[in-house]
Amino acid sequence: MAQTLEWREAGIGTPLLLVHGIQGTADAWSPLLPSLSAWRCVLPNLPGRGLSPRWNKTSALPRERYYHLDHYADLIQALLQKLRQKHESPVSLAGWSMGVSVILNLLARHGDADIDRLVLISGTACATPGAVWFQGETPASLAAEARERAQRLGLKAVADADAVAATWASVRGADLREAARAIRRPTLVVHGEHDDQCPLEHGLWLAANVPQARWLPLAGVGHAALGACPADLGSSMSAFLRH
């Protein structure tokens, strides 16, 4: 694939690819890294985040397809294959919020041959109805909402406003329930019981419909699970990933 992503590694051992949310960056996973030091954590920035590429008029894809779940899934798949070849072992995948949608779309488009285990945090297989991250319909209103949401979720590094707007249009129209039902890899589904961005029912649906899923509700936690309980969440992920 012509496009490449900025990414960094932390830790040693078997690769664990961590996919961030719609508005955040790879930095969103930083609180969990001490608890995941037994894995080679690979933290990419999707387009429009960090030093990863941005859409421009010379891009092969139009803006709405560039900042789209399909493009993100293809880019993560390319990185996953690179890691599989380099380390000669399957790669586990973890996603938070939109990262769950990226992973489900990757499975629908590319299958699971390169994957060991899955961790799905604060996510949904079908955002509409119920999971409403943004209300705005225009780039300006979405940008204003994005700034307020970043502050509320404690995100220090955030995506470009146009990337957020185009990505939300992709996410809210995606129905990935068949991809979730088709999962055949061991899966840990994690969800905050007080999530107001992606209500608990979305996590419960994944836990009930993903074969082999283990369910981990987080008491007293909202959508920002990575920062709210990093030690407990990281420990639970480590135990699950150890098989």
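See the structure shown above.
This structure is a prediction, so every number in the text was calculated from the model and none was measured.

Lay out the pairing of strand 7 (residues 213-218) with the relevant residues and their values.
Summarising the sheet, strand 6 (residues 187-192) and strand 7 pair through six bridges and their orientation is parallel. Note on strand 7: the bridge partner recorded for H191 is P217. You can see the chain leave strand 6, run along helix 7 (residues 200-209) and come back into strand 7, and the turn it takes is right-handed.

Which residues make up helix 7, and what are the values?
Every buried residue of helix 7 is accounted for by H202, G203 and L206. Down the axis of helix 7, the smallest arc covering the buried residues is 100 degrees, so these residues share one side. Facing away from the buried side of helix 7 by over 90 degrees, the exposed positions are E201 and A208. Residues of helix 7 that are buried in the fold lie against helix 3 (98-110), helix 6 (177-181), strand 6 and strand 7.

Tell me about the packing of aromatic side chains, residues and numbers included.
According to the stated counting rule, one finds two aromatic pairs in the structure shown. Here Y66 and Y67 contribute two aromatic rings whose centre-to-centre distance is 5.2 Å and whose plane-to-plane angle is 85 degrees, an arrangement assigned as edge-to-face. Exposure remark for Y66: the relative accessible area of 1% places this residue in the buried category. Both rings, one in F134 and one in W168, keep their centres 6.1 Å apart while their planes meet at 65 degrees; by these two values the pair is edge-to-face. With F134 in the loop between strand 5 (115-121) and helix 4 (139-153) and W168 in helix 5 (residues 161-172), the pair connects residues that are 34 residues apart, well separated along the chain. Residue F134 shares its accessibility class with W168, and that shared class is buried. One residue, R117, lies across the ring of F240, its end atom 4.8 Å from the ring centre.

I'd like a rundown of the nonpolar core, residues and numbers included.
The biggest cluster of nonpolar side chains holds 50 residues, and the ones touching the most others in it are L17, I76, L93, M98, L104 and W133. For this core, the secondary-structure elements that each account for two or more residues are strand 2 (15-19), helix 2 (69-87), strand 4 (91-96), helix 3, strand 5, helix 4 and helix 5. The biggest single contributor to this core is helix 2, with eight residues. Here L17 is in contact with V42, P44, I76, L79, L80, L83, V91, S92, L93 and A94, once residues within four sequence places are set aside.

Describe unusual backbone geometry, naming the residues involved and giving the relevant values.
Residues apart from glycine generally show negative phi values, whereas peptide bonds are mostly found in trans. Note that the residue after T128, namely P129, is joined by a cis bond; omega there is 5 degrees. Within the element layout of this structure, P129 appears in the loop between strand 5 and helix 4. Its identity as a non-glycine residue notwithstanding, S97 has a phi of 55 degrees, on the positive side. Of note, S97 is situated in the loop between strand 4 and helix 3. Look at S122: it is not a glycine, yet its phi comes out positive at around 55 degrees. Of note, S122 is situated in the loop between strand 5 and helix 4.

Reading the values: the criteria
Residues numbered from 1 in each chain as written. Predicted model: local features only at pLDDT ≥ 70, side-chain atom pairs only at ≥ 80, totals over all residues. Heavy atoms only, no water. Pairing = 2+ DSSP bridges. Helix = DSSP H or I, 4+ residues; strand = E, 2+ residues; numbered from the N terminus. Right-handed = clockwise from strand over helix to strand, strands pointing away. Buried < 20%, exposed > 50% of the residue type's maximum accessible area, 1.4 Å probe, protein only. Arc of directions from axis to C-beta. Contact = heavy atoms within 4.5 Å. Phe/Tyr/Trp six-rings, centres within 6.5 Å; stacked < 30°, edge-to-face > 60°. Lys NZ or Arg CZ within 6 Å of the ring centre and 35° of its normal. Core = buried A, V, L, I, M, F, W, Y, C linked by side-chain atoms within 4.5 Å.

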